[in-house]
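# A structural walkthrough
These are the residues of each chain, in order.
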Amino acid sequence: MSQPSPDVYEEGRGMDAHNQVMREIRARNDASYEPDEPTRVWIDEDNTPAGVLDSLTIVLNTGGCRWARAGGCTMCGYVAESVDGGTVAHEDLLAQIDAALDQERETHDGTCRQIKIYTSGSFLDEREVPAETRAAIADRFGDRDRIVVESLPDFVDREKIADFRDQDLETDVAIGLETATDRVRHDCINKYFDFADFEAACEEAVAADAGVKAYLLMKPPFLSEREAIEDMISSIERCGAVEGCHTVSMNPTNVQRYTMVEQLYFDGGYRPPWLWSVVEVLRETADQAVTVVSDPVGHGSDRGPHNCGECDDHVQTAIKDFNLRQDESVFAQVDCACERTWEEVRDRERSYSLPLAQ
């Protein structure tokens, strides 16, 4: 793949051009949200270095990702669910935690041993989650076994992670790397950092006796199905070679509102990945030292990763089974005639003809 020249990133071009488009698209959103209510809360099972654990996931409603407010990633619509004004008070953030714990008590027998906390940006960005709030949350969950917090690599710091390790919580930092290929991250996803920054964040996590989960994006815009598969496989291999990175979460792109991907989707220029592509990646990387999991959001819908509509639920079940068992034989149990269509798309689709099939 050729390398861009420096002037690609001048004003009105490259990332600057992406940001201008993204700001215009995001400005169409006029929704508002309450600062004391979390965006989402759910309970599921998660494959961790300590085995399969019940996991309480909390998406905090914060002031939003600072990169998204500049324009941001082409596929990410989470900032559209953020509180207006850019900040949420300490008391309101803790009220969101209390609301999540209330939901856990109402819907789950006992307490989950793992907590996962996400925001629309970075939990470790103190403009989103102040230091006092981070410390209070660490104290609130000190009786659990593990915690996962999400952050861009810029904000990963061993002293911040120490708030959780001092509570004797096994800690993972989830980093939205998206791809190990810098040009794809810059030009297709419009994410500003390099793979070297991810490596540096892993070093900080290791120094704090914490681990790292790399979040990778399956099929960014402007890549063909085959290019997306190949980039995902190589990215998983590169992540597995980085000390401290023990898990890769492969996130197939879904079409979120107020994003460039949605604009492309409406214009007939983007199709979410096939679930068969997710299966192929999981098969090809099953022997990697790093654990690879995937949870296709919105599977089976036009805006989410899908096959033909007949087999989507069966394939999704196999993927979730693989997440827990890490046994690729589960995929031998699913079959559909549309797999042949997917093979033709994978082999024939080119950048100038995508999407070749919906």
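Everything in this summary refers to the structure shown in the same document.

A few words now on helix α5 (residues 158-165). Taken together, the buried positions of α5 are Lys160, Ile161, Phe164 and Arg165. Buried residues in α5, looked at end-on, bunch into an arc of 150°, giving them a common side. Buried residues along α5 sit against α4 (131-140), β4 (146-150), β5 (170-178) and α7 (195-207). The residue sitting at the N-terminus of α5 and contributing the capping side-chain oxygen is Asp157; that oxygen lies 2.8 Å from the backbone nitrogen of Glu159.

Time to look at the packing of aromatic side chains. Enumeration according to the criterion identifies seven aromatic pairs in this entry. Ring plane angle 50° and centroid distance 5.6 Å describe the contact between Tyr265 and Phe266, whose orientation is recorded as tilted. Between the NZ or CZ atom of Lys219 and the centre of the ring of Tyr270, over which it lies, the distance is 5.6 Å. One cation-aromatic arrangement involves Arg346 over Trp342; the distance from NZ or CZ to the ring centre is 4.7 Å.

Of note, Leu356 is situated in the segment after α12 (338-348). In this structure Leu356 comes out as partly exposed when scored by relative accessible area, which is 41%. Residues within four places of Leu356 in sequence aside, it is in contact with Glu344, Val345, Arg348 and Glu349.

For Asn190, which is not glycine, the phi dihedral falls at a positive 65°. Looking at the secondary structure, you find Asn190 in the loop between α6 (182-187) and α7. Its identity is not glycine, yet Asp209 carries a phi of approximately 60°, on the positive side. Asp209 sits in the exposed class, given a relative accessible area of 51%.

The rules behind these values
- Residues numbered from 1 in each chain as written.
- Predicted model: local features only at pLDDT ≥ 70, side-chain atom pairs only at ≥ 80, totals over all residues.
- Heavy atoms only, no water.
- Buried < 20%, exposed > 50% of the residue type's maximum accessible area, 1.4 Å probe, protein only.
- Helix = DSSP H or I, 4+ residues; strand = E, 2+ residues; numbered from the N terminus.
- Arc of directions from axis to C-beta.
- Contact = heavy atoms within 4.5 Å.
- Polar contact = N/O pair within 3.5 Å; in protein donor to acceptor, adjacent residues only side chain to side chain.
- Phe/Tyr/Trp six-rings, centres within 6.5 Å; stacked < 30°, edge-to-face > 60°.
- Lys NZ or Arg CZ within 6 Å of the ring centre and 35° of its normal.

Honestly, it's all geometry; don't read function into it.
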